[in-house]
Amino acid sequence: MFKLLRFVLVAGMLGFALYVLFWPGAAPVLQVGTDRPGVGRGGTTATVRASASRGVTTLRVEAAQGERAVLLGERVMKAPAPWAFWRGRVREVKLDVELSPATIPELAEGNLTLRVTAEGAGALLRGPRVSKENVDLPVRLTPPTLGVTSRQNYVAQGGSGVVVYRVGDRALEEGARDGVQAGSWFFPGHALGGSDPAARFALYGVPYDLSEPSEIRLVVEDNLGNAATIAFVERFFARPLETDTIRLSAAFMEKVVPEILARTPGQSDRGDLLENYLAINGELRSRNAESLRELGRASRETFLWSDTFLQLPGSQVMSSFADRRTYFFDGKKVDQQDHLGFDLASVSSAPVPAANRGVVVMARYFGIYGNTVVLDHGVGLMSLYSHLSTIDVTEGQEVDKGHTLGRTGETGLAGGDHLHFTTLIRGLAVNPIEWWDPAWIRDRVLGKLAVPASE
Ligand SMILES: [Zn+2]
């Protein structure tokens, strides 16, 4: 009995000694990934992972071009002694390194090799197990070509524009992008049609509060972040915001606040009329603007309309596009907001026609706008009809120009029966006056989009 026990004990000790002295464990397993398919001016992040059951002690990443190598990152772990099997070992090590002209001096176009080396813990009489992996990445530092082909690139503050341009092949690869950047808004480009895929156009809006035309630029960027931009606007018509003063009355707030609170889940009651009003006029207004921006991202890829947009028939303009409104209550300034649309008044409960052909993408109660219909006309262009008393269409429905969408009313933030109307590009409110003008549509939109007959 004792003999057997002694044998087991000795065998166990011998096994442990052999393990400590000679068994270095398996070599670390490496995983290398990059967020872009190569290295360009935009930079690429490489994520490297090494894992080993007996622990990883070193992970090193270098970038090599020809004879030159640059250390991009290194992690060294303190390994516990080989017999201290109870001590914590770092079994997985992760390292993110940035590959760009900033981290790799004298980076040249061509090829770059990412060299990854990891060492495992090792045993007492055997060195550590080392794993190596090389990943080749193309390096490109020149942007795709970009040239503007449309003439008369004139645009107004708060207005809309179309620009036609040509891009180099690399701008058409997956992960590349092109379009117009106007302040913080980006308007993606589309194929012009015809046989030349390099011919592109963008429909863009100029934010109503952007007064510096150099902030409107055509942009092309390949999938490695190499970007070219052109300031293409030849003439810019500044249209400073109008200013207006609104004197709030308790009677007006008592009319609009309870309805909006009751019909807007998520808008909490603050227990005070003025506070509720200010939350609706401020926070809810911005939430509604964000929803319109989201709708704009899902616009149809092709134009659904073909001619001038309709204005509400027989209507009077009560308020035109882009007013900066200062609100007073009890003689004190309490708020300031920008009003972005036309307020059109007709007879009460007047039928509201679709301004042009499109698809209904919203038909519901919509915060400050009350009962609202939004039509998608394609390529980011939409029109919005609000404060309606009734809605006669449903989401997803296709409507022709002139189709009755509903009737005017005073739901939402409205003091009396009127239609709040605006056009939107990718959710940015733009002045509808241009879209009501047949000459403007012909010269600034349709004339530019015509594909030459020879193609
Ligand atoms: Zn309005």
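Residues numbered from 1 in each chain as written. Predicted model: local features only at pLDDT ≥ 70, side-chain atom pairs only at ≥ 80, totals over all residues. Heavy atoms only, no water.

*Asks:* Which parts of the structure should I look at to understand the overall build of the chain?
*Replies:* Counting secondary structure elements, the chain contains 4 helices and 31 strands. Over its C-alpha atoms the chain spans a radius of gyration of 32 Å, topping by over 25% the 23 Å that the globule rule assigns to 455 residues. The principal-axis extents of the C-alpha atoms in the chain amount to approximately 110 × 65 × 40 Å. The buried share among the 455 residues of the chain stands at 49%. Long-range pairs, those at least 24 residues apart, make up 68% of the contacts in the chain between residues at least 6 apart in sequence. For the chain, the exposed surface amounts to about 21600 Å²; the carbon and sulfur share of it is 52%. Computed over 48 positive and 51 negative side-chain charges, the inter-centroid distance for the chain is 11 Å. (Helix = DSSP H or I, 4+ residues; strand = E, 2+ residues; numbered from the N terminus. Rg over C-alpha atoms; globule rule 2.2 N^0.38 Å. Buried < 20%, exposed > 50% of the residue type's maximum accessible area, 1.4 Å probe, protein only. Contact = heavy atoms within 4.5 Å. Areas by Shrake-Rupley, 256 points an atom, 1.4 Å probe, with all protein chains shown as cover. Lys, Arg positive; Asp, Glu negative; His and termini not counted. Charge placed at Lys NZ, Arg CZ, Asp CG, Glu CD.)

*Asks:* How do you make sense of the coordination of the zinc ion when you look at a structure like this?
*Replies:* Reference values for angles at a metal are 109.5 degrees in the four-donor tetrahedral case and 90 or 180 degrees in the six-donor octahedral case. Distances from the zinc ion to its protein donors, namely His339 (NE2), Asp343 (OD) and His420 (ND1), fall within the range 2.0 to 2.1 Å. In terms of primary sequence, the donors binding the zinc ion are separated according to H-x3-D-x76-H. In this pair, Asp343 sits in strand E22 (residues 342-345) while His420 sits in strand E30 (residues 419-425), placing the two residues 77 residues apart along the sequence. (Donors = N, O, S within 2.8 Å, 3.2 Å for Na, K, Ca; no water.)

*Asks:* Even after reading the chapter, I still don't get helix H3 (residues 273-297), so can you show me in this structure?
*Replies:* Since the α-helix turns once every 3.6 residues, residues separated by three or four places project in the same direction. Taking 1.5 Å per residue, 25 residues should reach 36 Å; H3 reaches 35 Å between its end C-alpha atoms and fits that length. Remark: the principal bend of H3, roughly 30°, maps to Leu284. Three or more residues of H3 are buried, namely Asn276, Tyr277, Ala279, Ile280, Asn281, Gly282, Leu284, Arg285, Asn288, Leu292, Leu295 and Gly296. With a side-chain oxygen positioned 3.2 Å from the backbone nitrogen of Leu274, the residue opening H3 is Asp272. (Expected span 1.5 Å × (residues − 1). Bend = angle between axes of the 7 residues up to and from the residue. Polar contact = N/O pair within 3.5 Å; in protein donor to acceptor, adjacent residues only side chain to side chain.)

*Asks:* What's the story with the packing of aromatic side chains in this structure? I'm lost.
*Replies:* One pair of aromatic rings is described through two measures. These are the centre distance and the angle between the planes. In total, this model carries 14 aromatic pairs according to the counting rule given. Where Phe303 meets Trp305, the ring centres are 5.2 Å apart and the plane angle is 75°; that geometry is what we call edge-to-face. A relative accessible area of 24% means that Phe303 is categorised as partly exposed. Trp305 sits in the buried class, given a relative accessible area of 5%. (Phe/Tyr/Trp six-rings, centres within 6.5 Å; stacked < 30°, edge-to-face > 60°.)

*Asks:* Explain the pairing of strand E12 (residues 185-188) here, please?
*Replies:* Residues of E12 alternate between two faces, with Trp185 and Phe187 buried on one and Phe186 and Pro188 left unburied on the opposite face. Taken together, the 4 bridges between strand E11 (residues 177-182) and E12 define a ladder with antiparallel strand orientation. Within E12, the position partnered with Val180 by the bridge is Phe187. Hairpin connection of E11 to E12: 2 residues between the antiparallel strands, including Gly183 at a positive phi of 60°. (Pairing = 2+ DSSP bridges.)

*Asks:* Would you take a moment to explain the packing of helix H2 (residues 250-263) against H3 for this structure?
*Replies:* The relative placement of two packed helices comes down to the angle between their axes together with the axis-to-axis distance. Remark: H2 packs on H3, axes separated minimally by 9 Å, with the N-to-C direction vectors making an angle of 60°. One element, H2, and the other, H3, form an angle in the oblique class. Between H2 and H3 lies a crossing of left-handed hand. Facing H2, whose interface residues are Ala250, Phe252, Met253, Glu254, Val256, Val257, Ile260 and Leu261, H3 presents Leu273, Leu274, Asn276, Tyr277, Ile280 and Leu284. Counted by class, the contact of H2 with H3 contains 12 nonpolar, 1 polar and 1 charged residues. (Axes fitted to C-alpha atoms, helices over the stretch in contact; angles between N-to-C directions. Parallel < 35°, antiparallel > 145°, perpendicular 65-115°, else oblique. Left-handed = near helix turned anticlockwise from the far one by under 90°. Nonpolar A, V, L, I, M, F, W, Y, C, P; charged D, E, K, R; others polar.)

*Asks:* What am I meant to see in the environment of Gly396 here?
*Replies:* Topologically, Gly396 is positioned in the loop between strand E27 (390-391) and strand E28 (398-399). Residues Gly396 and Arg170, 226 residues apart in the sequence, show an inter-C-alpha distance of 36 Å. Not counting chain neighbours up to four residues away, the residues in contact with Gly396 comprise Val359 and Val360.

*Asks:* Even after reading the chapter, I still don't get the domain arrangement of the chain, so can you show me in this structure?
*Replies:* Think of interface size as the accessible area that goes away when the parts come together; that is how it is often given. Per the domain assignment, the segments of the chain are domain 1 (2-139), domain 2 (146-239) and domain 3 (242-446). Taking the mean C-alpha position of each, domain 1 and domain 3 sit 59 Å from one another. (Domains from an automatic or database assignment.)

*Asks:* Got a minute to help me understand the pattern of salt bridges in this structure?
*Replies:* Side chains bearing opposite charge may pair, as long as their charged atoms lie close to each other. Applying the stated criterion across every chain yields a total of 19 salt bridges. We note a salt bridge from Lys401 to Asp307, for which the minimum N-O separation is 3.2 Å. Linking Lys401 in the loop between E28 and strand E29 (404-407) with Asp307 in the loop between H3 and strand E19 (316-319), this pair joins segments that are 94 residues apart in sequence. Note on Lys401: relative accessible area 34%, which makes it partly exposed. Sharing partners across several salt bridges, the network here consists of Arg36, Arg177 and Glu221. (Salt bridge = Lys/Arg side-chain N within 4 Å of Asp/Glu carboxyl O.)

*Asks:* What is the right way to read unusual backbone geometry from this model?
*Replies:* Glycine aside, the phi torsion of most residues is negative, and most peptide linkages are trans. For Val379, which is not glycine, the phi torsion reads 55° and is therefore positive. Note on placement: Val379 falls in the loop between strand E25 (371-378) and strand E26 (381-388). Here Val379 falls in the buried class, since its relative accessible area comes to 3%.

*Asks:* Quick question: what am I supposed to make of the sheet that holds strand E3 (residues 56-65) here?
*Replies:* Remark on secondary structure: sheet strands pair via backbone hydrogen bonds, oriented parallel or antiparallel. Read across the sheet, 4 strands follow the order E4-E3-E6-E7 without closing on themselves; strand pairing throughout is antiparallel. Each edge of the open sheet carries a strand with a single partner, namely strand E4 (68-76) and strand E7 (130-139). Ignoring strand direction, the axes of neighbouring strands in this sheet form an average angle of 15°. Pairing of strand E6 (residues 110-120) with E7, which is carried by 10 bridges, proceeds in the antiparallel orientation. Residue Ala118 lies in a different strand from E7, and its bridge partner there is Ser131.

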